[in-house]
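# Structure at a glance
Given next are the chains, with one letter for each unit.
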Amino acid sequence: MNLTCSLNDFNEAKQVIPGGVNSPVRAFRAVGGTPLFIHHAKGVHLYDEDGNRFIDFVQSWGPLLFGHCDTEIEEAIIEAVKRGCGYGAPTTLETHLAKLIISLVDGVDKIRFVSSGTEATMSAIRLARAYTQREDIIKFEGCYHGHSDSLLVSAGSGLATFGNPSSPGVPKSLTQHTLVARYNDIDSVKKCFEASGKVACVIIEPIAGNMGLVPAQKDFLKALKNLCEQEGALLILDEVMSGFRAAKDGSQSFYGIQGDLTTFGKVIGGGMPVGAFGGRKEIMNLLSPDGAVYQAGTLSGNPVAMAAGIVALSKIISNPNLYDYLETLANRLMDGFKMAAQENGILLQTAVRGSMFGFFFNQNPVYNFDDAKCSDTQMFARFHQACLEKGIYLACSQFETGFISAAMQEEHIDMAINVAREVLATIK
Ligand SMILES: *Cc1c(COP(=O)(O)O)cnc(C)c1O
């Protein structure tokens, strides 16, 4: 594969942008090699600056449920741009998209739009603290909720304690209210509640997609919901990734559990930058200007993003078989990968939720971040590199989730499976 252009572009970018990228995972550090500089994309395919073509299982890290340059979404975006890129004043588009989300997700009465998932979780936590008049929060190791200071925390010496900053530049004083529990382990959450005594909220990815794909177990999530109610803490479901990806709401129909607050992003912008958080009226009404909890954004509710999101959600509503279709393809892909691994004496742990898929080179099932960390990341790196050379673009880390888009068909899945089979035979 000729990567001359990408290599030159990367070197040039590194002169003016730290690491040459504007979000670290894009630099391919976890798998080695050169990140591809993308020239354009269409449907299921990415085309890089050297003219190489790839089947894209990253989908902009989740937003592109309908693939690249979906005609209807593209038209809506162009139409919106022609009317202006934004006004800093309300439009009916915001109400329209809010109503669509509210109609699909139980327990969300009101919603506010922001420009990223990071802002959504940060604002939801502020609101939960104001509502409960408590300061501590509980998060889970391996869950990612964006890069705001108080969430950049890793477990301290043991789990179920107050966490330590996981990045330089985050003062300890900003993480001293964040406790870290173990995913799928209700006892670790109980210990956090005991250690704190004043927990405002628990924030969780109900289908964790940022440590690889690790869905919560049903019993665990039910117990977590009950525990929050019992303790008077709010449950924040972070569905920035799983929302409208795992099912036509996200996780809530599958688990039968509602969040007090729910955060969204990715799919609801149809590929444009967006985030949102919503929940019960009595909580949301505390937000400024109705209430005293301050939250704002120059580009919040941007009309171009709203227009794209409206079409994306309308397409979801008008296609009742969409998620069955996506999940069938995702299962086909993971079954195929698993079989190919087995043929070569390699153990692969796989998971699927709707259009989300994940696989670990791991001897044992993965229920939490400690389990995920036992995966063979070097094997993953070799697999990733070899698949790339054969035209399959997978997420460039063992700890990320893959995505199926509605533009895909069985033939694309089967091409990826055939590549995986060839590759696994050579790298084992
Ligand atoms: C992507 C993601 C975020 C952060 O969203 P950004 O738009 O990147 O700020 C937050 N939570 C989850 C679960 C995510 O997957």
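Residues numbered from 1 in each chain as written. Predicted model: local features only at pLDDT ≥ 70, side-chain atom pairs only at ≥ 80, totals over all residues. Heavy atoms only, no water.

### A closer look at the overall build of the chain
Stated formally: Strands are runs of DSSP state E lasting at least 2 residues, helices are runs of H or I lasting at least 4, and numbering of each runs from the N terminus. Our radius of gyration is a C-alpha quantity, and the globule rule it is checked against amounts to 2.2 Å times the number of residues to the power 0.38. The contact criterion used throughout is that any non-hydrogen atoms of two residues lie within 4.5 Å. Throughout, the Shrake-Rupley method with a 1.4 Å probe supplies accessible areas, and for residues the shown protein chains are the sole cover considered. Positive residues here are Lys and Arg, negative ones are Asp and Glu, while His and the chain termini are left out of the count. Just so you know, the charge point we use is NZ for Lys, CZ for Arg, CG for Asp and CD for Glu.
Counting its secondary structure elements, the chain contains 14 helices and 19 strands. Relative to a compact globule of 428 residues, whose C-alpha radius of gyration would be 22 Å, the chain shows 21 Å and is just as compact. For the chain, the spread of C-alpha atoms along the three principal axes comes to 55 × 55 × 45 Å. Within the chain, residue pairs in contact and separated by at least 24 positions form 71% of the contacts whose partners lie at least 6 positions apart. With the model as given, the accessible surface of the chain reaches about 18100 Å², and the carbon-plus-sulfur share is 50%. A gap of 3 Å separates the mean positions of the 36 positive and 45 negative side-chain charges of the chain.

### Section: the site of the ligand
Our working definition: When we say a residue is near a molecule or strand, we mean one of its heavy atoms is within 4 Å of it. In protein, a polar contact means a hydrogen-donor-capable atom and an acceptor-capable atom, both N or O and within 3.5 Å, with residues adjacent in sequence counting only if both atoms are side-chain atoms; elsewhere, any N or O pair within 3.5 Å suffices. Charged means Asp, Glu, Lys or Arg here, nonpolar means Ala, Val, Leu, Ile, Met, Phe, Trp, Tyr, Cys or Pro, and polar covers whatever is left, Gly included.
Close to the ligand lie Ser 116, Gly 117, Thr 118, Tyr 144, His 145, Gly 146, Glu 205, Asn 210, Asp 238, Val 240, Met 241 and Lys 266, which account for all nearby residues. Take Gly 117: an N or O atom from its main chain is 2.8 Å from an oxygen atom of the ligand. At 2.7 Å from an oxygen atom of the ligand is found a side-chain nitrogen or oxygen belonging to Lys 266. Among the residues forming the shell around the ligand, the class breakdown is three nonpolar, six polar and three charged.

### Considerations on the packing of aromatic side chains
The cut-off we apply is this: Any pair of Phe, Tyr and Trp rings, taking the six-membered ring for Trp, is counted once the centres come within 6.5 Å. Such a pair is stacked with planes under 30 degrees apart, edge-to-face with planes over 60 apart, and tilted for the rest. Accessibility here uses a 1.4 Å probe with only protein chains present; expressed as a share of the type maximum, an area under 20% marks a residue as buried, one over 50% as exposed, and anything in between as partly exposed. Whether a charge sits over a ring comes down to the Lys NZ or Arg CZ being within 6 Å of the ring centre and within 35 degrees of the ring normal.
If you walk through the whole model with that rule in mind, you get 15 aromatic pairs. Considering the side-chain rings of Tyr 183 and Phe 220, the 6.1 Å spacing of their centres and the 55 degrees angle between planes classify their relative orientation as tilted. Taken together, the positions of Tyr 183 in the loop between β9 (178-181) and α6 (186-196) and Phe 220 in helix α7 (residues 218-231) put the pair 37 residues apart, joining distant regions of the chain. Summarising the burial analysis for this pair, Tyr 183 and Phe 220 share the class buried. Among the aromatic residues, those joined into a cluster by ring pairs are Phe 337, Phe 359, Phe 361, Phe 380 and Phe 383. Seen from the ring of Phe 254, Lys 218 lies directly overhead, with NZ or CZ sitting 4.6 Å from the centre.

### Examining the sheet that holds strand β18 (residues 392-393)
Heads up, the condition is: By the convention used here, strands pair only if DSSP detects at least 2 bridges between them.
As summarised here, the arrangement of the four strands in space is β1-β2-β3-β18, forming an open sheet in which the pairing is mixed. Single-partner strands in this sheet number two, and they are β1 (38-42) and β18. Sheet analysis places strand β2 (residues 45-48) next to strand β3 (residues 53-56), joined by three bridges and oriented antiparallel. Bridge pairing in β3 links His 45 to Ile 55.

### Observations concerning the pairing of strand β17 (residues 356-360)
Every other side chain in a regular strand lies on the same face of the sheet, so the side chains alternate between the two faces. With five of its five residues buried, β17 lies for the most part within the structure. Across the two faces of β17 the burial is the same, with Met 356, Gly 358 and Phe 360 and Phe 357 and Phe 359 all buried. In the sheet, strand β16 (residues 349-353) pairs with β17 via five bridges, with the strands oriented antiparallel. Paired with Gln 349 across the bridge in β17 is Phe 360. What sits between the antiparallel neighbours β16 and β17 is a turn of two residues, in which Gly 354 has the positive phi angle 60 degrees.

### Looking at the state of the cysteines
Rules: Pairs of cysteine sulfur atoms within 2.5 Å are what we label disulfides.
Counted under the stated rule, the structure contains zero disulfides. Its sulfur unpaired, Cys 69 is 18 Å from the next cysteine sulfur, which belongs to Cys 85. Using a relative accessible area of 33% as the deciding quantity, one classes Cys 69 as partly exposed. Take Cys 374: it sits in no disulfide, and the sulfur closest to it among the cysteines is that of Cys 143, at 17 Å.

### Focus on the environment of Cys 387
As for its position among the elements, Cys 387 is in helix α13 (residues 377-389). In sequence terms Cys 387 and Lys 82 are 305 residues apart; their C-alpha atoms lie 40 Å from each other. If we ignore the near neighbours within four places in the chain, the residues touching Cys 387 are Ile 392, Leu 394, Val 419 and Val 423.

### Structural notes on the domain arrangement of the chain
The extent of an interface is frequently quoted as the accessible surface area lost upon association of the parts. Our working rule: For each domain, the first and last residues come from an automatic or database assignment. Buried surface area refers to the total accessible area, computed with a probe of radius 1.4 Å, that the two partners give up upon joining, counted for both partners together. The salt bridge definition used is simple: a Lys or Arg side-chain nitrogen within 4 Å of an Asp or Glu carboxyl oxygen.
For the chain, the assigned domains are domain 1 (4-69 + 321-427) and domain 2 (71-318). A straight line from the C-alpha centre of domain 1 to that of domain 2 covers 25 Å. With 32 residues of domain 1 in contact, the opposing surface of domain 2 contributes 35 residues. Both sides of the domain 1 and domain 2 interface together cover about 2600 Å² of buried area, and 62% of this is carbon and sulfur. Of all residues in domain 1, the largest losses of buried area upon contact with domain 2 belong to Phe 66, Tyr 323 and Arg 353, amounting jointly to 25% of the total for that side. Inspection of the domain 1/domain 2 interface yields one salt bridge.

### Comments concerning the packing of α13 against helix α14 (residues 410-427)
Operational definition: Axis angles are defined between N-to-C directions and span 0 to 180 degrees, where every axis is a line fitted to C-alpha atoms and, for a helix, only to the segment in contact. If an angle is under 35 degrees, it is roughly parallel; if it is over 145, roughly antiparallel; if it lies from 65 to 115, roughly perpendicular; otherwise it is oblique. Here a crossing is taken to be left-handed if its near helix is turned anticlockwise relative to the far helix by less than a right angle, and right-handed if that turn runs clockwise.
Two elements in contact, α13 and α14, have axes whose closest approach is 10 Å; the angle formed by their N-to-C orientations is 130 degrees. On the basis of the axis angle, α13 is oblique to α14. Relative to α14, α13 is oriented so that their crossing is right-handed. On the side of α13, the interface is formed by Met 379, Arg 382, Phe 383, Ala 386 and Cys 387, while α14 contributes Val 419, Ala 420, Val 423, Leu 424 and Ile 427. The residue makeup of the contact of α13 with α14, split by class, is nine nonpolar, no polar and one charged.

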